[in-house]
Amino acid sequence: MNAPQKSRLAYIDNVRIFLSMLVVAHHAGQPYGSDGWWLFQSPLRAHWIHLFFGVNEAFFMGLFFLIAGYFHPGSLDRKGPGRFVLDRLWRFGVPIVIMVLGITPIFIYFHEILFKGLPACGYWEFFSGAYLGFAPRPGGWPGDPGVHTEFVHLWFIENLFLYGCAYAVYRLCAGAADRKPARLREDPIAPATAHKALIALVIWLFVSTFLVRIRYNVDDWKVLLGVWEIEFAHAPQYLTMFVLGIVAARRNWFARLPASVGWAWLGVGLSCVVVWMAREFGLPFVEWIGGASLAAANRAMWESLLCVGFCVGLLTLARERFPHQTPLARALSDSSFAVYIFHVPVVTLLQYALSGSGLGAAAQFLVVSALGILITFPLAHFVLRRLPLLGKAL
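Residues numbered from 1 in each chain as written. Predicted model: local features only at pLDDT ≥ 70, side-chain atom pairs only at ≥ 80, totals over all residues. Heavy atoms only, no water.

S.K.: Mind showing me how you'd approach the pairing of strand β2 (residues 221–224) here?
M.R.: Moving residue by residue along a regular strand, the side chains alternate between the two faces of the sheet. The pairing of β2 with strand β3 (residues 228–231) spans 4 bridges and is classified as antiparallel. Within the sheet, the bridge partner assigned to W221 lies in β3 and is E231. Joining the antiparallel neighbours β2 and β3 is a turn of 3 residues, in which L225 adopts a positive phi near 60 degrees. (Pairing = 2+ DSSP bridges. Helix = DSSP H or I, 4+ residues; strand = E, 2+ residues; numbered from the N terminus.)

S.K.: How do you make sense of the environment of L314 when you look at a structure like this?
M.R.: Note on placement: L314 falls in helix α10 (residues 294–321). Considering only alpha carbons, one finds L314 and I12, 302 residues apart in sequence, at a separation of 9.5 Å. In contact with L314, other than residues within four places in its own chain, are V15, F18, F59, L63, L266 and G309. (Contact = heavy atoms within 4.5 Å.)

S.K.: Which parts of the structure should I look at to understand a nonpolar patch on the surface?
M.R.: Together, I199, I203, V207, L211 and I214 make up a nonpolar patch on the protein surface, roughly 430 Å² of accessible area in all. For V207, a relative accessible area of 35% gives the class partly exposed. (Patch = residues over 30% accessible without salt bridge, like charges linked within 9 Å, V, L, I, M, F, W, Y side chains within 5 Å. Areas by Shrake-Rupley, 256 points an atom, 1.4 Å probe, with all protein chains shown as cover. Salt bridge = Lys/Arg side-chain N within 4 Å of Asp/Glu carboxyl O. Buried < 20%, exposed > 50% of the residue type's maximum accessible area, 1.4 Å probe, protein only.)

S.K.: How should I be thinking about the pattern of salt bridges in this particular structure?
M.R.: It is possible for side chains bearing opposite charge to pair when their charged atoms get close. Scanning all chains against the criterion turns up 17 salt bridges. Its salt-bridge partner being D13, residue R16 comes within 2.8 Å of it at the nearest N-O pair. Remark: D13 and R16 occur in helix α1 (residues 10–28); sequence separation between them is 3 residues, near one turn of the helix. Taking relative accessible area as the criterion, D13 reaches 18% and is therefore assigned buried. In this structure, D178 engages R250 in a salt bridge whose closest nitrogen and oxygen atoms are separated by 3.3 Å. Of this pair, D178 sits in the loop between α5 (155–174) and α6 (191–213) while R250 sits in helix α7 (residues 235–251); the two residues are 72 residues apart in sequence, bridging distant segments of the chain. R250 shares its class with D178; the two are buried. Salt bridges sharing partners connect three or more residues here, namely E57, R213, R279, E287, R299 and E303.

S.K.: Sorry if this is basic, but what is going on with the state of the cysteines here?
M.R.: Note: disulfide means a covalent bond formed between the sulfur atoms of two cysteine side chains. Tallying each qualifying case throughout the model produces 0 disulfides. Free cysteine C165: the closest other cysteine sulfur is in C173, separated by 13 Å. (Disulfide = S-S within 2.5 Å.)

S.K.: Sorry if this is basic, but what is going on with unusual backbone geometry here?
M.R.: Keep in mind that most residues, glycine aside, have a negative phi and that most peptide bonds are trans. Residue V152 is not a glycine yet carries a positive backbone phi of 50 degrees. Within the secondary structure, V152 is located in the loop between α4 (123–131) and α5. Its identity is not glycine, yet D219 carries a phi of approximately 70 degrees, on the positive side. Along the chain, D219 turns up in the loop between α6 and β2. Owing to a relative accessible area of 47%, D219 belongs among the partly exposed residues under this scheme.

Written as structure tokens, this is what we have:
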């Protein structure tokens, strides 16, 4: 048996593996736990899957942004602002073009015909007219003329690129004022100081989230400039976590946070999950997705507590209990970016395949989740990351 690899950042990669699997499971459940839009539609529903979505949405993308922000300063230090932006444009742009122009429109085409009941038309007529908008829309297809591309889950990559560009501009302007420290601090943060800072973070997230949601509800997606997909309801969390990741890298916060603080906040996060999931068994919890109401404030506070609790707690759990990586874990973490990009077509095909299986919503969700994870990671490792052009981006 090979010895595990040692790296002081291996624990962060292990968190990324978990988050990537959670994203696959989240999208595996979309047809069965949500009444919102998805590439495949099912009449089957399981309420606990809907609750599962609520837990995920409260923290997992915020943790993605936190981790991404953590690695930005080092990347800028090595490459400089110009090369950094060009590198990101290549790494993000190639898979986005393949997905948005090559793969996603095929699923949109069948979704519009099979689930919306729009008149059948040729694929090119749909692609050029309804999707890209440079030709007339197909007959009987309602909607405004113009571009109607779908990024689906790639909104995260799109927003991360824009955040990274903004940080690169800051670094260009800051110059030597934001240079890499000669030596990172290693002294532990005082537990009382850490708790006070995290409580302040919860309050900031609560207030900013609640105020934004007075106007913009959860899952109220907007498209700016024709292509920038953004959900304002979670924007305060995402932007805050990205910035905190940058600051954490410069001040070595991930390593300096006392384990006792991390365990305590992991407990806070788990308590939030218990309260939320107990609604399946009748526990009253008044919440709502937006507006100036007590219910909206309850949800904003619950999300803020869960986000901070799990962001701090899961990083602590990985640092203290899973600090190393075996070769298998390294392969999984190396493939996690490709899995995030390309898992949706795999998951959607599995949802189509199980639609006539006779299984209930919960069973289909579990099967699609398991098969989606078991297929996408090997697909990313053995195929996608070895392709001539795409592999260099992934």
